[in-house]
Structure formats: C-alpha cells, structure tokens
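Chains, contacts and geometry: an overview
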Amino acid sequence: MDSNTSYNFPEILSSFELEGSIAEIKPFGSGHINSTFYLKNAGKDRPDYLLQRINHYVFKDVAALSNNIKLVTDHLRSKLSLQQNADPQAEVLNMLPAKNGLYYHKDDQGNYWRIYHYLKGTKSYDLLETAQQAYEGGKAFGRFQALLADMDSSLLAETIPNFHNIEYRLDNFNRALEKDPLSRSKECVQEIDFINARTQTMCTILNLGRQGKLPVRITHNDTKFNNVLLDQDDKAQCVIDLDTVMPGYTAYDFGDAIRTIINTAEEDEKDLSRIGLNIDLFKAYTRGYLSETINFLSTEELKALIYGALLLPYMQAVRFLTDHLDGDNYFKIHFPGHNLQRARAQLQLLKKLEENQELLESLIYEIADEFKVSKEERGINE
C-alpha cells in the first residue's frame, strides 16, 4: 500500500467537487493493482469518499476505463430505479466527476486519480468462509450480469485486451517455451505436457463464441469474493472493482468465481495433496448465481458454465508457468520457483475438477431445475 505522504493530496482533492472538508486520509483495502485511500469527512452529515490512484501501467487508457465505469454504473442505477425495494445509490458505485468534467484527474506527477462515494455500513471478506457467503457472492455477480444483460456490450472498451483469451495466453506460453531464457523448461516437463494435452478442449468457449452460439455480454472478469460488498447482515449489497468490466462470456465470470471459492487450499499450495474441492460452496455459489441469471441465460450459456470452471484454473496455470519460464517478470514472487509452484497448484485443482466434472455439471442442471428450467429448454435429452 502506498504511503499517504508521497502525493499532493490538497491539489488532488481540490480537483473534485467534494462536499464538506476532508479531516483524515488513510490507506484502505487490500487491492494489488490500484492504491486506495479512505477520505473521512469533517462533517458528520457529509459523505465520506474513497480516493483511488489508477494503475495506468495496467490500465493504459484511463479515459476509456472511466467511460466504461460511467456507462455501466449509469445503466445499473437506471435498472434498479425501476425495481421495488431497490436503492440505486447504495447498491451501485457512484463515481464523482472532476471539476474539468472528466471522471478522473491527472496530477503533476503523471498519476491518475478518481473518487467514489464511500458506502457506509458495508464490509467485504478476503476469504469466503460459509455456504451462505458463497450464495450471496453468486447472487451478487449473477444480479450484476442480469442487470447488464440488455446493455450493448459494444459500447465498452477492452480495458485489458485479450484478458480471458486463452489462445492469446497459449501463444505467450509457447513463445516463452521456445525462448526458454533461463533453461527452466526441463524442470516442468510434466506441466508442459499437461497443458499441451488440453489446448483444444480449453478453446471450447472461445470457439462457441466465434460460432455465434454464445452471446457476448458485459462481464465483470474479476469475480473474487472480496469484490462484493455485504451489508451488516452479510447480504450482498454492491459489486465493486469495475476496472475489468468489459465484453466477455458469462462462463468466464462463473469459472473465475468457482476457481477462487472451491479450492480447499491456497492458490499457491505446495502440498498438492491438500488441494480438493469444496462441493458445498460450489452448490451454494451456483444456486445464488442461477437464482439471478436463469431468466436470461441461453441454453448454450448454461451448458458452457462447466467449461468456464475448467478453463479459469487452466488459464491461470498457463499464465503462471509462462511467467516462470520467462523469468518471473509479471507476477510478484516471494521465493525462487514460486510461479512454478502456483502453476502446479492450479493444475492440481484442474485435475480435481476434471475428476468431478460429471458431478459438477449435474449439480448445475439440478439447481437450474430448482428455478423451473425444464430439460427441454436446456436441450438435454431425457
């Protein structure tokens, strides 16, 4: 987290139309990309804010990024304003314009900044602990997709091009393998063979999309549990971290969430025997997700969810192993071989998912049936 002494906060804050005056500035949250600060208002009847320094090394087009967030949040508020018992101001991030009319400010050091209203009374969890939390996470991301299902995805820019494009990730992997600058390929032959044996299967979602069988929708693309704000009763209130919201396939969001909640061990677990699947959390998340999405998901999208669950750990393993072969230039490592350990852990998770694929797929359909989706509608033969 950045120190709050390295930036000219008075200049930055004076560039936005803030109510009241700021009494305290302190680092906030556990994000790894942007730097976030909590702005406490001196007036008790005035709003508090969150100030973020946008990482423009990762997000190179800050104007397009800001426009994406503005379009999406406006659409969400518009849809929620038509629903009974909804509170658009509490359930959607509210980004403040700068005095120049843009939704960001560039300071004299070349840093880009934005400000959101702080949503009081909310909390988030870095680690998911209960089936009820998993259900709320699924419900939150499902509702997010459902509210945006009628929005034209072509309006949004790709904030990180090819983010979930597995062909792009495999191309990078093959280039790193061919160069092998540190001669590391010889220590991960099994992992390389495992990845190469699945390249065709892992392009399933991409190919279905190209064939027009999967619609391009607006997806979140970073469906970690800590990107859901919960209220004091642990009910989902607001989806946050909208930097990677862009055109994609619904299965990507489902798969990334499953990857992060179903694993019984850490993402970089060294002891592969500890890696297993928490089926109860899978069921709870899927139930929450389908409770919100079943009315708009197509038959093919429902079928593709299991491929998303398989693809995302595979893609993460490809990215980790690529970085290991390339000399650890992208992901921060805490010891030599860390990226290889991460890749092995993700491939072990994939093995467990493959072993249980039929079970997980049947659970998806059983839960879909709970929401009155017939086998005929799903295209499944009796």
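Here is a short report on the structure shown in this document. Remember, predicted model here, so these are calculated numbers, not experimental data. (Residues numbered from 1 in each chain as written. Predicted model: local features only at pLDDT ≥ 70, side-chain atom pairs only at ≥ 80, totals over all residues. Heavy atoms only, no water.)

Describing the overall build of the protein chain
Within the protein chain, the secondary structure is distributed over 13 helices and 9 strands. Projecting the C-alpha coordinates of the protein chain onto the three principal axes gives extents of approximately 60 × 55 × 35 Å. Classification of the 382 residues of the protein chain by burial places 52% in the buried group. Across the protein chain, contacts joining residues at least 24 apart in sequence account for 73% of those joining residues at least 6 apart. Of the roughly 17900 Å² of accessible surface on the protein chain, 46% is carried by carbon and sulfur atoms. Charged side chains in the protein chain number 42 positive and 56 negative. The centres of these two groups are separated by 2 Å. (Helix = DSSP H or I, 4+ residues; strand = E, 2+ residues; numbered from the N terminus. Buried < 20%, exposed > 50% of the residue type's maximum accessible area, 1.4 Å probe, protein only. Contact = heavy atoms within 4.5 Å. Areas by Shrake-Rupley, 256 points an atom, 1.4 Å probe, with all protein chains shown as cover. Lys, Arg positive; Asp, Glu negative; His and termini not counted. Charge placed at Lys NZ, Arg CZ, Asp CG, Glu CD.)

Looking at the pattern of salt bridges
Counted according to the given criterion, the structure contains 21 salt bridges. Where Asp 74 meets Lys 70, a salt bridge forms, and the shortest distance between an N and an O atom there is 2.5 Å. Within this pair, Asp 74 and its partner Lys 70 are both found in helix 2 (residues 62–80), separated by 4 residues, close to a single helical turn. Among the salt bridges present, the one from Arg 287 reaches Glu 370, with a minimum N-O distance of 2.8 Å. One end of the pair, Arg 287, is in helix 9 (residues 279–293); the other, Glu 370, is in helix 12 (residues 357–370), and 83 residues separate them in sequence. (Salt bridge = Lys/Arg side-chain N within 4 Å of Asp/Glu carboxyl O.)

A word on the packing of aromatic side chains
Here the structure, examined in full by the defined rule, presents 18 aromatic pairs. An angle of 55 degrees between the planes, with centres 6.2 Å apart, marks the rings of Phe 254 and Tyr 285 as tilted. With Phe 254 in helix 8 (residues 250–261) and Tyr 285 in helix 9, this residue pair connects regions lying 31 residues apart in the sequence. We note that Phe 254, like Tyr 285, is buried. Over the ring of Phe 194 we find Arg 198; its NZ or CZ atom is 3.5 Å from the centre of that ring. (Phe/Tyr/Trp six-rings, centres within 6.5 Å; stacked < 30°, edge-to-face > 60°. Lys NZ or Arg CZ within 6 Å of the ring centre and 35° of its normal.)

Some words on the sheet that holds strand 3 (residues 49–54)
The 5 strands lie next to each other as 1-2-3-5-4, forming an open sheet whose pairing is antiparallel. Edge positions in the sheet fall to strand 1 (22–27) and strand 4 (105–106), since each of these pairs with one other strand and no more. Bridge count for strand 2 (residues 35–41) against strand 3 is 5 bridges, and the pairing is antiparallel. The partner of Tyr 38 across the bridge, within strand 3, is Leu 50. Here helix 2 sits on the sheet and contacts strand 3 and strand 5 (112–117); the angle it forms with strand 5, its principal contact strand, is near 10 degrees. (Pairing = 2+ DSSP bridges. Axes fitted to C-alpha atoms, helices over the stretch in contact; angles between N-to-C directions.)

So, helix 5 (residues 166–179)
The first and last C-alpha atoms of helix 5 sit 20 Å apart over 14 residues, in line with the 20 Å expected at 1.5 Å per residue. Within helix 5 the residues assigned to the buried category are Ile 166, Arg 169, Leu 170, Phe 173 and Ala 176. Looking straight down helix 5, one finds its buried side chains confined to an arc of 120 degrees; they lie on one side. Away from its buried face by more than 90 degrees, helix 5 exposes Glu 178 and Lys 179. At its buried positions, helix 5 is contacted by helix 6 (189–196), helix 7 (204–210) and helix 10 (299–326). (Expected span 1.5 Å × (residues − 1). Arc of directions from axis to C-beta.)

Concerning the environment of Val 72
Examined against the element boundaries, Val 72 turns out to sit in helix 2. In this structure, the C-alpha to C-alpha distance between Val 72 and Leu 51, residues 21 residues apart in sequence, is 19 Å. Apart from residues no more than four positions distant in its own chain, Val 72 is found in contact with Phe 144, Leu 148, Met 151, Leu 156, Ile 218 and Val 245.

Here we look at the environment of Gln 145
Within the element layout of this structure, Gln 145 appears in helix 4 (residues 131–148). In this structure the C-alpha to C-alpha distance between Gln 145 and Phe 296, which are 151 residues apart in sequence, comes to 9.4 Å.

Concerning the packing of helix 10 against helix 12
The relative placement of two packed helices comes down to the angle between their axes together with the axis-to-axis distance. Interaxial distance between helix 10 and helix 12 falls to 10 Å at its minimum, and their mutual angle equals 140 degrees. Taken together, helix 10 and helix 12 sit at an angle that is classed as oblique. Relative to helix 12, helix 10 is oriented so that their crossing is right-handed. Contact residues: Leu 302, Lys 303, Leu 305, Ile 306 and Leu 310 in helix 10; Gln 357, Leu 360, Glu 361, Ile 364, Tyr 365 and Ala 368 in helix 12. Here the contact of helix 10 with helix 12 is composed, by residue class, of 8 nonpolar, 1 polar and 2 charged. (Parallel < 35°, antiparallel > 145°, perpendicular 65-115°, else oblique. Left-handed = near helix turned anticlockwise from the far one by under 90°. Nonpolar A, V, L, I, M, F, W, Y, C, P; charged D, E, K, R; others polar.)

Topic: unusual backbone geometry
Even without being a glycine, Asn 85 presents a positive backbone phi close to 65 degrees. Positive phi, normally seen in glycine, also occurs at Asp 180, with a value near 40 degrees.

Notes on the side chain of Thr 244
Counting through the fold element by element, Thr 244 comes out in the loop between strand 8 (236–239) and strand 9 (246–248). According to the relative accessible area criterion, Thr 244 is buried, its value standing at 7%. If near-sequence neighbours (up to four positions away) are discounted, Thr 244 is found in contact with Phe 59, Thr 159, Ile 160, Thr 219, His 220, Asn 221 and Asp 222.

Side note on the pairing of strand 5
Within strand 5, 5 of the 6 residues are buried, which leaves the element mostly enclosed by the surrounding structure. Bridging between strand 3 and strand 5 involves 6 bridges; their strand directions are antiparallel. Its bridge partner being in strand 5, Ile 54 is matched across the sheet by Tyr 112. Where strand 4 and strand 5 come together, 2 bridges link them in antiparallel fashion. Following the sheet pairing, His 105 is matched in strand 5 by Trp 113.

Coordinates in, geometry out; function isn't part of it.
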